[in-house]
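Coordinate analysis (summary)
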Amino acid sequence: MHDLKALRENPTEYDAGWALRGLDAQTPAILALDGQLRAAMTKRMAAEALRNAASKAIGAAKAQKNEAEATRLMAEVAQAKADMETASQIEEQAQAQLDGIVHALPNLPATDVPHGEDETHNVVQKEWGQRRQFQFVPKDHVALGEALGGMDFEGATRLSGARFVVLKGQLARLERALGQFMLDHHVEKNGYQEINAPVLVRAPALFGTSQLPKFEEDLFKTTNGHYLIPTSEVSLTNLVGQQILDEEALPIRMTALSPCFRSEAGSAGRDTRGMIRQHQFWKVELVSIVTPETSRTEHERMTTCAEGILEALNLPYRRMLLCTGDMGFSSKRTYDLEVWLPGQNDGAGAYREISSCSNCGDFQARRMDARTRAKGDKATRFVHTLNGSGLAVGRTLVAVLENYQEEDGRIMVPEVLRPYMGGITQIG
């Protein structure tokens, strides 16, 4: 959410920021509604003051047996009540219209975010690892998984429809091993606190992290008004909502391994084969709550923590700084990590996103009303929130299968996963 006071003072800056995200000028409509709202509030408050003063004067007039004055004052009170009701209606309508615009507007990009309309304008920040040189044409994860008898898409379709999978045997264990390894790594080496939070949340939580109202079609909603989380960012970040945190307690770093649920409403026809884009998947999430001064440094730290998982698994990847046209709604600055998948494009290979790490500034904190206060201060200020995938477990499984495959279809188990796999060194 945006600071209306700052918007009133710098409308050009806001329109320039939104223009970089492909939007027309928004501030004329916002400022007009804001003017209506504030004028209506002023009229309502003036009418309330008049009503209160006249109500007190009625008693004095009656005590003096001045019925004419009492009658005049009662008419004044009645008119004030009518004026209050009219002003309140205008205020309510203007507030609803203003919220409808402001709540649907994305965060402003940081000044160093590259300008661009889509992913083709993202900037490579670094590349890590050596792509394996295969002596055969590498297969994709679907061919590998089905040949091993551990990946069943047909059974999942009978159960649930498209974009689901049933994992069996050692592949199911490998996915579990990946999630456990990631969680242990972030807790033991990176200092995150493990959290096990609900995967069913109410609408205010999704408003707080910006999925609502704009992206409701991407969510699964239950019949009693709950929503299944699209990411545990929702649960973790909202733990500090409507709180005033001691500044000495920051940073707060949390991680969770959870199932995630997405309708993928905007991805019809994309990634219909395999496990790249599914309705249900596991993900390890990283969330940080920090002071405004440290959020830039924390963004680098979080991204490095996510990269550490890929490096421990020896999976080649690259870090991308997303352009203004490709960033998420609530982000001011985002890094994507893209892992090398050699089996994609009929063995030609491709980089695919496996993590997205975002600095949201105070955008989510304003929606959640999450603040901090330094020791000895009376004033509060909004915290900054960050979130990132550390990593998407299903996509990491895909990367392991394709990068660690052998010509005969066996999958070598990465060394760091072997303790989680009972010591086995290969599958198949």
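Predicted model, so just to flag it, every value in this text is computed and none were measured.

Rules used throughout
- Residues numbered from 1 in each chain as written.
- Predicted model: local features only at pLDDT ≥ 70, side-chain atom pairs only at ≥ 80, totals over all residues.
- Heavy atoms only, no water.
- Helix = DSSP H or I, 4+ residues; strand = E, 2+ residues; numbered from the N terminus.
- Rg over C-alpha atoms; globule rule 2.2 N^0.38 Å.
- Contact = heavy atoms within 4.5 Å.
- Areas by Shrake-Rupley, 256 points an atom, 1.4 Å probe, with all protein chains shown as cover.
- Lys, Arg positive; Asp, Glu negative; His and termini not counted.
- Charge placed at Lys NZ, Arg CZ, Asp CG, Glu CD.
- Pairing = 2+ DSSP bridges.
- Axes fitted to C-alpha atoms, helices over the stretch in contact; angles between N-to-C directions.
- Polar contact = N/O pair within 3.5 Å; in protein donor to acceptor, adjacent residues only side chain to side chain.
- Buried < 20%, exposed > 50% of the residue type's maximum accessible area, 1.4 Å probe, protein only.
- Phe/Tyr/Trp six-rings, centres within 6.5 Å; stacked < 30°, edge-to-face > 60°.
- Lys NZ or Arg CZ within 6 Å of the ring centre and 35° of its normal.
- Parallel < 35°, antiparallel > 145°, perpendicular 65-115°, else oblique.
- Left-handed = near helix turned anticlockwise from the far one by under 90°.
- Nonpolar A, V, L, I, M, F, W, Y, C, P; charged D, E, K, R; others polar.
- UniProt positions renumbered as here; feature names shortened; annotations may be inferred.
- Salt bridge = Lys/Arg side-chain N within 4 Å of Asp/Glu carboxyl O.

Side note on the overall build of the chain
Check the secondary structure of the chain and you find 13 helices and 18 strands. What you see for the chain is a C-alpha radius of gyration of 28 Å, clearly larger than the 22 Å of a compact globule of 428 residues, by over 25%. Judged by the C-alpha coordinates and their principal axes, the chain covers about 105 × 45 × 40 Å. Put simply, 72% of the contacts in the chain that link residues at least 6 apart link residues at least 24 apart. Just so you have it, the chain exposes about 20,500 Å², and 49% of that area is on carbon and sulfur atoms. Computed over 48 positive and 56 negative side-chain charges, the inter-centroid distance for the chain is 4 Å.

Concerning the sheet that holds strand β12 (residues 333-341)
Strand order in the open sheet made by the eight strands is β1-β11-β12-β13-β16-β10-β9-β4, with mixed pairing throughout. The outermost strands of the open sheet, each flanked by one partner alone, are β1 (123-128) and β4 (193-194). Pairing of strand β13 (residues 350-359) with strand β16 (residues 384-392), which is carried by three bridges, proceeds in the antiparallel orientation. Residue Asn359 lies in a different strand from β16, and its bridge partner there is Leu386. Lying on the sheet, helix α13 (residues 393-403) is in contact with β9 (252-261), β10 (280-290), β12, β13 and β16; it crosses β16 at an angle near 40°.

Things to note about the side chain of Gln364
Counting through the fold element by element, Gln364 comes out in helix α12 (residues 363-368). For Gln364, the side chain forms a polar contact with the main-chain oxygen of Thr209, separated by 3.4 Å. Each residue touching Gln364, except ones within four places of it in the same chain, is listed here: Gly208, Thr209, Ser210, Glu233, Thr237, Ser330, Thr385 and Asn387.

Remarks on the environment of Gln405
Turning to its location among the elements, Gln405 is positioned in the loop between α13 and β17 (411-412). Residue Gln405 is classed as buried on the basis of its relative accessible area of 1%. Each C-alpha atom of the pair Gln405 and His141 lies 9.3 Å from the other, and the pair is 264 residues apart in sequence. A distance of 2.9 Å separates a polar atom in the side chain of Gln405 from the backbone oxygen of Lys139.

Re the packing of aromatic side chains
Within this structure, the stated rule accounts for seven aromatic pairs. Consider the rings of Trp128 and Tyr317, whose centres lie 5.7 Å apart with planes at 20°: the pair is stacked. Of the two residues, Trp128 sits in strand β1 while Tyr317 sits in strand β11 (residues 317-321), which places them 189 residues apart along the sequence. Tyr317 gets classed as buried once you look at its relative accessible area, which sits at 0%. Their ring planes at 70° and their centres at 5.8 Å tell us that Phe329 and Phe363 sit as a pair that is edge-to-face. In this pair, Phe329 sits in the loop between β11 and β12 while Phe363 sits in helix α12, placing the two residues 34 residues apart along the sequence. The residues Phe329 and Phe363 share a single accessibility class, namely buried. Through successive ring pairs, a cluster of aromatic residues spans Phe215, Phe329 and Phe363. A cation over an aromatic ring shows up here: Arg319 above the ring of Tyr335, its NZ or CZ 4.5 Å from the ring centre. One residue, Arg367, lies across the ring of Phe207, its end atom 4.2 Å from the ring centre.

A look at the packing of helix α7 (residues 169-188) against helix α10 (residues 295-312)
Viewed as axis vectors pointing N to C, α7 and α10 meet at an angle of 130°, and their least axial separation amounts to 11 Å. When the axes of α7 and α10 are compared, the pair comes out oblique. Regarding α7 and α10, the two cross each other, and that crossing is right-handed. Contact residues: Phe181, Met182, His185 and His186 in α7; Cys305, Ala306, Gly308, Ile309 and Ala312 in α10. Along the lines of polarity and charge, the residues of the contact of α7 with α10 split into six nonpolar, three polar and no charged.

Some remarks on the UniProt feature "binding site: ATP" (unreviewed entry) in the chain
The sites that carry the UniProt feature "binding site: ATP" (unreviewed entry) are, in the present numbering, Arg262, Ser263, Glu264, Glu353, Ile354, Ser355 and Ser356. Of note, Glu264 is situated in the loop between β9 and β10. Look past the residues within four positions of Glu264 in its chain and what remains in contact with it is Asp218, Arg277, Gln278 and His279. Looking at where Glu353 falls in the secondary structure, it is placed in strand β13. Under the relative-accessibility criterion, Glu353 is labelled partly exposed at 35%.

What about the UniProt feature "coiled-coil region" (unreviewed entry) in the chain?
Those residues carrying the UniProt feature "coiled-coil region" (unreviewed entry) are residues 63-97 in this numbering. Note that residues 63-97 is 91% helix and 0% strand, and that its end C-alpha atoms are spaced 47 Å apart.

Concerning the pattern of salt bridges
The full count for this structure, using the stated rule, is 26 salt bridges. The salt bridge involving Glu300 is made with Arg333; its shortest N-O contact spans 3.4 Å. Taken together, the positions of Glu300 in helix α10 and Arg333 in strand β12 put the pair 33 residues apart, joining distant regions of the chain. Judged by its relative accessible area of 27%, Glu300 falls in the partly exposed class. On the basis of relative accessible area, Arg333 is assigned to the buried category, the value being 5%.

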